[in-house]
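Notes for the structure review
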Amino acid sequence: MKFAYYPGCASLAITKEYNATTLLIAEMLGIELVEMVRANCCGAALFNDQNRELNLTMSARIFAQAEEMGCDILTLCNTCLMVMSRAKKELEDNPEMLKAINDNLAKAGLKYNGDVKINHLLWVIIRDIGLDRIKKLVTRPLKGLNIGAYYGCHILRPSDAVVFDNPDAPNSLDNLISALGGTPVEYAGKTRCCGFQLDLVSPEIAHRMVGKRILDCKESGGECMVTPCPLCHINLDSYQGYANKLLGVKLDMPIFNLSQLIGFAFGLSVSDMEFSKHLVSPESLLKTKDLV
Amino acid sequence: MKIKVKIKRCDPMASGRCEAYIQGYDIKAKKGMTVLDALIWIKDRLDGTLAFRRSCRSAICGSCAMMINGNPKLACKTQILKEFEKRQEILIAPLGNFSIIKDLVVDLTPLWKKINKIEPWLNPVGEPPETGWIISREEAQRIDNESACIMCGVCNGGCNSQEGDPDFIGPSACAKSYRFVGDVRDGSKFKRLEKISREHGIWNCMRCLMCNQYCPKGVYPMTAIEKLRAEAIGEGIVDNFGVRHVDAMVESVRRVGRLDEAMYTFKSLGFLRAVGMLPLGIRLELHGKMPHPVIFPEIDGIEELRELMKTVEEKE
Ligand code: FES
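Position numbers for residues count from 1 along each chain, tracking the sequence in the order it is written. Numbering of ligands from 1 and lettering of chains from A proceed in the order in which they are written. Local features are withheld for residues below a pLDDT of 70 in this predicted model, meaning they are given only at 70 or higher, and side-chain atom pairs are given and counted only at 80 or more; totals for whole chains, interfaces and linings count all residues. With hydrogens and water excluded, all non-hydrogen atoms of the structure serve as input to the side-chain values.

So, about the packing of aromatic side chains. By convention, a stacked pair of Phe, Tyr or Trp rings (six-membered ring in the case of Trp) has centres within 6.5 Å and planes under 30 degrees apart, an edge-to-face pair has planes over 60 apart, and any other such pair is tilted. This structure, assessed with the given rule, holds five aromatic pairs over all chains. Here Trp-123 of chain A and Phe-164 of chain A contribute two aromatic rings whose centre-to-centre distance is 5.2 Å and whose plane-to-plane angle is 15 degrees, an arrangement assigned as stacked. Here the residue Trp-123 of chain A occupies a position in helix α6 (residues 121–129), and Phe-164 of chain A occupies one in the loop between β5 (146–149) and α8 (172–179), the gap between them amounting to 41 residues. Ring centres 5.5 Å apart and planes at 70 degrees place the aromatic pair Tyr-239 of chain A and Tyr-242 of chain A in the edge-to-face group. Only protein chains enter the calculation, and the probe is 1.4 Å; a residue is then buried if its accessible area is under 20% of its type maximum, exposed if over 50%, and partly exposed in between. Overall, the relative accessible area of 22% leaves Tyr-242 of chain A in the partly exposed class. Taken together through their ring pairs, the aromatic side chains of Phe-256, Phe-264 and Phe-275 of chain A make up a single cluster. A cation over a ring is seen here: Arg-140 of chain A above Phe-264 of chain A, with NZ or CZ 4.0 Å from the ring centre. Above the face of the Phe-180 of chain B ring, Arg-179 of chain B is positioned so that its terminal group lies 4.4 Å from the ring centre. Strands here mean DSSP runs of E at least two residues long; helices mean DSSP runs of H or I at least four residues long; both are numbered from the N terminus. A ring has a charge above it when a Lys NZ or an Arg CZ is no more than 6 Å from the ring centre and no more than 35 degrees off the ring normal.

So, in C-alpha cells, the structure goes:
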C-alpha cells in the first residue's frame, strides 16, 4: 500500500507531532508514505477568496505530481482534503476549466489527467487496513477511557466532493475508538466547527467555538478528545487557554491527534507519541486510567 | 415499521421560560413518508397541541425548516425512515440559532432583518432600455444558484459562525447579496460589497460548509460568499482582517511554497494584535511546537511554483 504523502503545512510545522506519529504507525501498518517534497500548500480554502483559477491550478499542480509518482494522495488534514476534493470535483464537472488549468500547468511541464484519488489517513485505516487488523495490533487497550470523536467539518462536508462517512451521522472515528479499546462518547458538537478559520480574523469568535465544543463533549462525559485534523488540534489544544478565559471555565481537556491515539494503543511509548508537545497534557489522565 | 418519533418541545409563551423536554410519539412509518407527514399525522391523531410550521409540503414555501437528527433540513423534503436508519432513532428539534416561540416554531425575525440589510431589491444601473433588459444566458447563469433561495432559514440554522456570533450576517443574506451583486442590471455593486465587507460580514464566515451541505435548493451560500469576497477584493475593498488573512496566505505560498505559520500569523494580525499573542507563542516554543519564525525552508521547485502563480495572476 503506497501513497503520495501530503501531510499538509500544519503537520510539518506547528503540529509536527502528527507527522512524526503518523510515520511510526504507518510503518507498523505497512503503509508506504512517499512524501511529496515538491508539493505546494493547498491554500487552506483561502485561494478561492482571491482567484478561483489560482485555487484550481494550485490543487491541480499537486494532483499532477501525484500522478507522476503513480500514487493516490494521502493527507492528514481535513482542510487539505476538502480543498483538494472540491477542486477535483470542480475540474471533473467542468472540462473546459480542466483544459485551461492544464494550459497553465504545461508551462511548468506538468499535466493533470484527472485520475488522482485523495484520501485522508482515517479513511485508509478504516477502508484499506480494516478495524480487524487494527484490533490485532492493540497491545495497550484504552480501557475505561471516555473519548469524544471530534470529526470537525472538512472530512464530512461538502459530501458531494468529500465522500466517505455519512455526513449526517458519521461513525468511522467512533468505531476506531472502540477498536482501540476506548469508549466513544456521543455529543452534539462532534461534526460542528472549531472556528479555526477565524483564528486570525475574529479571534474571540474562534475561541468561543473552541470552548463550546470542548464543554459540550465534557458535559456528555468525555475525558479527552481525538481529532483527525491538525487545524482542529491547534484550536482545541493550543487555544484552550483562551477559551477558558473567555468563558470563565477550566476545561483541561487533553486532545489527541488520530495517529497518537492509535500509536499509543499499539503500545508505543509516551515519548514516541510526543504528548509533551501538547499544551494540555494527557499524562495525568492516562495515569489515573493506569495506562502509563 | 413502528418507530418512536422524539420531539423536542417547549412552550415559552405559556410558561414564560423555555424548559425544553423530549416527548415521544409512536407512529407507523411507511416507505416514502416524510418527516412532515409524520408531524401532521401526530398532530391530527395523537396530540393537537404540537406546534410546527408548514404550507406547501413540497419544498417550495420554505416553512418547515427544523433540526432533524441534529442537522438543519426541510421536514417535507426528508424521508423519515431513511433518517431513522442513520441513527436508529429520530429526534426532531426546532431550527438551531433561533429563539423558540413554541415547539418547532422559531422566531425568524433576525433572518428577515439580515436579508433586509442587504437591500434585497434591484437598484437599476440606469433607465431600462425601451426593449426591456435583454440578459444573455451566461449572465443569467451567473446568479442561477443564488436565485433559487426560498428563504427557509436552513443555512442560518446550521451556521457555525452565527452560533459564535449572533450578529453575523449569515449565509442566506450573503447568497441574496450575491444574487444582486452578480446581476448585470444592478448599479450598486460597490456599495453592496463595501457594506457586506464590514464587521459581522462576509469575512466572518468560518467556512464550515454547513450551508452548502444542507441547503435544500442548491443555492450553495458559502460559494456565494467566496464570490463576494473575490468581487470585494477586485473592487479594492481590502481594509479588513479577512483580506489581510488571505493576502498573508498567498504571499507565504509565493515565498516558500507553503504556509509559514509564524509569518502568516504576524502579517494577518498586524503588529499590535500579534504582540498580544506572544505569551501563547512562548508556551508553544516551550512545548517545541513553534515553527521557526524567520527561516522557513522552501519547497523543492519553488521557482517553478512562483512562475505558475504569476501565469495565473496575470491572466486576470
Ligand atoms: S412545507 Fe413548504 S417547504 Fe416544507
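What follows continues from the structure just given.
The next subject is the domain arrangement of chain B. One can read the domain layout of chain B as domain 1 (2–106), domain 2 (109–234) and domain 3 (241–315). The source of the domain bounds is an automatic or database domain assignment. Measuring from the centre of the C-alpha atoms in domain 2 of chain B to the corresponding centre in domain 3 of chain B gives 30 Å.

Attention now goes to the environment of Glu-17 of chain A. Mapped onto the fold, Glu-17 of chain A is located in helix α2 (residues 16–29). For Glu-17 of chain A, a relative accessible area of 0% gives the class buried. Residues Glu-17 of chain A and Lys-277 of chain A, 260 residues apart in the sequence, show an inter-C-alpha distance of 7.1 Å. Note on contacts: a residue pair qualifies if any of its non-hydrogen atoms lie within 4.5 Å across the two residues. For Glu-17 of chain A, the residues in contact, after removing those within four places along its chain, are His-233, Asn-257, Gln-260, Glu-274, Lys-277 and His-278 of chain A together with Lys-289 of chain B.

Another point: the sheet that holds strand β8 (residues 255–257) of chain A. Residues and elements named next belong to chain A. Pairing is parallel in the open sheet, where four strands are placed in the order β6-β5-β7-β8. Edge positions in the sheet fall to β6 (183–185) and β8, since each of these pairs with one other strand and no more. Direction aside, the axes of adjacent strands within the sheet are offset by 40 degrees on average. As paired elements, β5 and β6 share three bridges and run parallel to each other. Pairing of Asn-146 across the sheet is with Thr-183, part of β6. Between N-to-C directions, angles cover 0 to 180 degrees, with each direction set by a line fitted to C-alpha atoms, over the stretch in contact for helices. Here helix α12 (residues 258–265) sits on the sheet and contacts β5, β7 (224–227) and β8; the angle it forms with β8, its principal contact strand, is near 85 degrees. One bridge is not enough; two strands pair if DSSP finds at least two bridges between them.

So, on to empty space enclosed by the protein. To find leftover empty space, a probe the size of one water molecule is rolled over the atoms. The rule is simple: put a 1 Å grid over the protein atoms alone, call a set of points where a 1.4 Å probe fits but cannot get out a cavity, call an open set with protein on both sides within 12 Å along at least five of seven lines a pocket, and count a residue as lining if it has an atom within 4 Å of a point. Grid points are joined across faces, edges and corners, and a volume is the space filled by probe spheres set on the points. As enumerated under the stated definition, the model contains four cavities of 30 Å³ or more in all. Roughly 110 Å³ of internal volume is contained in the largest cavity. Lining the largest cavity are 14 residues, and of these Thr-79, His-154, Cys-193, Cys-194 and Phe-196 of chain A lie nearest its centre. Of all the secondary-structure elements, those providing two or more residues to the lining of the largest cavity are α4 (78–93) and α10 (230–238) of chain A. Charged residues are taken to be Asp, Glu, Lys and Arg, nonpolar residues to be Ala, Val, Leu, Ile, Met, Phe, Trp, Tyr, Cys and Pro, and polar residues to be all remaining types, Gly included. Taken together, the residues that form the lining of the largest cavity break down as nine nonpolar, four polar and one charged. In this structure, the second largest cavity encloses a volume near 100 Å³. What lines the second largest cavity is a set of 15 residues, and nearest its centre among them are Cys-149, Cys-152, Cys-155, Cys-215 and Val-219 of chain B. Where the lining of the second largest cavity is concerned, the elements lending two or more residues are α7 (154–158) and α9 (171–181) of chain B. Ranked by residue count, the leading element in the lining of the second largest cavity is α9 of chain B, at three residues. Along the lines of polarity and charge, the residues of the lining of the second largest cavity split into 12 nonpolar, two polar and one charged.

Looking now at the layout of surface pockets. Taken as a whole, the largest pocket holds about 1200 Å³ of empty space. Surrounding the largest pocket, 37 residues form its lining, Arg-52, Glu-90 and Asn-94 of chain A together with Thr-223 and Lys-227 of chain B being those nearest its centre. Counting only elements with at least two residues in the lining of the largest pocket, the list comes to α3 (52–69), α4 and α5 (95–106) of chain A together with α5 (137–142), α6 (144–147), α12 (221–234) and α16 (302–315) of chain B. Looking at the lining of the largest pocket, the element that brings in the most residues is α12 of chain B, giving six residues. When grouped by side-chain class, the residues that make up the lining of the largest pocket number 10 nonpolar, eight polar and 19 charged. Each pocket or cavity is described by its volume, and for the second largest pocket that value is around 890 Å³. Forming the boundary of the second largest pocket are 31 residues, of which Ala-188, Gly-189 and Arg-192 of chain A together with Met-67 and Gly-70 of chain B lie nearest the centre. Contributing elements (two or more residues each) for the lining of the second largest pocket: α9 (203–219) of chain A together with β5 (90–93) of chain B. In terms of residue count, α9 of chain A provides more of the lining of the second largest pocket than any other element does, four residues in total. Here the lining of the second largest pocket is composed, by residue class, of 12 nonpolar, eight polar and 11 charged.

This part covers the side chain of Arg-192 of chain B. Residues and elements named next belong to chain B. Counting through the fold element by element, Arg-192 comes out in helix α10 (residues 189–196). The definition of a polar contact used here is a pair of N or O atoms within 3.5 Å, where within protein one atom must be able to donate a hydrogen and the other to accept one, and adjacent residues in sequence count solely through side-chain atom pairs. Within the structure, Arg-192 has its side chain in polar contact with the backbone oxygen of Ile-118 (distance 2.8 Å). Look past the residues within four positions of Arg-192 in its chain and what remains in contact with it is Ile-118, Glu-119, Trp-121, Leu-122, Asn-123, Phe-180, Val-181 and Asp-186.

As a further point, take α2 of chain A. The end-to-end C-alpha distance of α2 of chain A is 20 Å, a good match for the 20 Å that 14 residues give at a rise of 1.5 Å each. Every buried residue of α2 of chain A is accounted for by Glu-17, Tyr-18, Asn-19, Thr-21, Thr-22, Ile-25, Ala-26 and Leu-29 of chain A. In this analysis, the expected span of each helix is defined as 1.5 Å times one less than the number of residues it contains.

Structurally, the position occupied by Asp-199 of chain A is in the loop between β6 and α9. For the purpose of counting charges, residues Lys and Arg are taken to be positive, whereas Asp and Glu are taken to be negative. His and the chain ends are not included. Salt bridges are defined by distance alone: a side-chain nitrogen of Lys or Arg within 4 Å of a carboxyl oxygen of Asp or Glu. Among buried Asp, Glu, Lys and Arg side chains, Asp-199 of chain A stands out as unpaired, with Arg-207 of chain B the closest opposite charge at 11 Å. A distance of 3.2 Å separates the side chain of Asp-199 of chain A from the side chain of Asn-235 of chain A, its partner in a polar contact. In contact with Asp-199 of chain A, not counting residues within four places along its chain, are Ala-206, Asn-235 and Tyr-239 of chain A.

Before going further, it helps to examine the state of the cysteines. By disulfide we mean two sulfur atoms from cysteines, separated by a distance within 2.5 Å. Counted under the stated rule, the structure contains zero disulfides over all chains. For Cys-208 of chain B, which is in no disulfide, the shortest distance to another cysteine sulfur is to Cys-153 of chain A and amounts to 5.0 Å.

Our focus in this paragraph is the domain arrangement of chain A. All names here are of chain A. Partitioning chain A into structural domains gives domain 1 (2–120) and domain 2 (131–288). Between domain 1 and domain 2, the C-alpha centre-to-centre distance is 24 Å. Tallying the contact residues gives 27 residues for domain 1 and 33 residues for domain 2. Values labelled buried area give the accessible surface lost by two parts on being combined, using a 1.4 Å probe and summing over both. Summed over both sides, the interface between domain 1 and domain 2 buries roughly 2400 Å², with carbon and sulfur atoms accounting for 71% of that surface. Where domain 1 touches domain 2, the interface holds seven residue pairs in polar contact (both at pLDDT 80 or more).

Chain B puts 71 residues into the contact, and the matching count from chain A is 71 residues. Across the interface of chain B and chain A, roughly 6100 Å² is buried in total on both sides, 56% from carbon and sulfur atoms. Three residues, Met-206, Arg-207 and Lys-289 of chain B, lead the burial of chain B against chain A; their summed loss comes to 12% of the area buried on that side. Here chain B is connected to chain A by 13 salt bridges. With a closest N to O distance of 3.1 Å, Arg-192 of chain A and Glu-163 of chain B form a salt bridge.

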